[in-house]
Amino acid sequence: MWTELEVQMSLGATYEWTLREDPCACLAPNRPSTEADGRKLTKVDARDLARELSLRTRPRADAKNVDLIVYATSCTVCIDREPLAHALLGLLENAIEATRRGFPVVMDVREDTNGGLLWHIQDSGDGSADLGAEAGHARSVVESHGGVLHVESAPGVGTTVSLWLPAPIPLSPAFDG
């Protein structure tokens, strides 16, 4: 199954992508993961992943007196969990480090209108967008999932890293694994 769609990220950038056949289409409830292109793909609830990342970074945020604000809706995505979680953790830690004392870092995770996943991490730093290797690594991981990563900075306001991941293609009800 092939899908063409247009992705509108909240920052105003429009990307057109032709998605490869979705390797998660073969995942049935009794088969929670599959190997594809050397990746171990599993269905993950994005809200649970956001909660896990916030718990892992909260001590660092508290030590720096940075408020960590998380908005997350339940959305199932098909990902290679460990590399994506590692990339998101690096971006979130970077946002906490860049944020001035007493200001917030906001992580917003939600389903887009096509069933894909939008993930935003916004810091309250100086807007220099010095993400270094973290952004390059995260971009590579996101693109390996058929997604898009976008960074936008404004001096004195901060940096927002936005990523989009495609929706898993639904299984046929007749598929029994």
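Residues numbered from 1 in each chain as written. Predicted model: local features only at pLDDT ≥ 70, side-chain atom pairs only at ≥ 80, totals over all residues. Heavy atoms only, no water.

Participant: Quick rundown of the sheet that holds strand S10 (residues 158-165)? Include the residues and the values.
Facilitator: Read across the sheet, five strands follow the order S5-S7-S8-S10-S9 without closing on themselves; strand pairing throughout is mixed. A single partner strand is all that each edge strand has here, and the edge strands are strand S5 (67-72) and strand S9 (148-154). In this sheet, neighbouring strand axes are inclined to one another by 10 degrees on average, regardless of whether the strands run parallel or antiparallel. Direction of pairing for strand S8 (residues 117-122) relative to S10: antiparallel, over a ladder of six bridges. Directly across from Gln122, in S10, lies its bridge partner Thr160. Taken strand by strand, helix H2 (residues 81-98) contacts S5, strand S7 (104-111), S8, S9 and S10, and its axis lies near 30 degrees from that of S8. The strands touched by helix H3 (residues 132-144) are S9 and S10; relative to S9, the strand with the most contacts, the crossing angle is about 145 degrees. (Pairing = 2+ DSSP bridges. Helix = DSSP H or I, 4+ residues; strand = E, 2+ residues; numbered from the N terminus. Axes fitted to C-alpha atoms, helices over the stretch in contact; angles between N-to-C directions. Contact = heavy atoms within 4.5 Å.)

Participant: Before we move on, can you summarise the packing of H2 against H3 with the specific residues and values?
Facilitator: Between H2 and H3, the least distance of the axes is 9 Å, while the angle of their chain directions is 150 degrees. It follows from the interaxial angle that H2 and H3 lie roughly antiparallel. Our pair here, H2 against H3, has a crossing hand that is left-handed. Contacts between H2 and H3 involve Pro83, Leu84, His86, Ala87, Gly90, Leu91 and Asn94 on the former and, on the latter, Glu134, Ala135, His137, Ala138, Val141 and Val142. Residues belonging to the contact of H2 with H3 are distributed by class as follows: eight nonpolar, four polar and one charged. (Parallel < 35°, antiparallel > 145°, perpendicular 65-115°, else oblique. Left-handed = near helix turned anticlockwise from the far one by under 90°. Nonpolar A, V, L, I, M, F, W, Y, C, P; charged D, E, K, R; others polar.)

Participant: How would you explain the nonpolar core if you had to name every residue and give the values?
Facilitator: Grouped together as the largest cluster of nonpolar side chains are 33 residues, with contacts concentrated most on Leu49, Leu92, Val105, Leu117, Trp119 and Ile121. At the level of secondary structure, the elements contributing two or more residues to this core comprise helix H1 (46-63), strand S6 (76-79), H2, S7, S8, H3 and S10. Per element, the largest residue contribution to this core is nine residues, and it comes from H2. What Leu117 contacts, discounting residues up to four positions off in sequence, is Ala46, Cys75, Val77, Val109, Arg110, Leu163, Trp164 and Leu165. (Core = buried A, V, L, I, M, F, W, Y, C linked by side-chain atoms within 4.5 Å. Buried < 20%, exposed > 50% of the residue type's maximum accessible area, 1.4 Å probe, protein only.)

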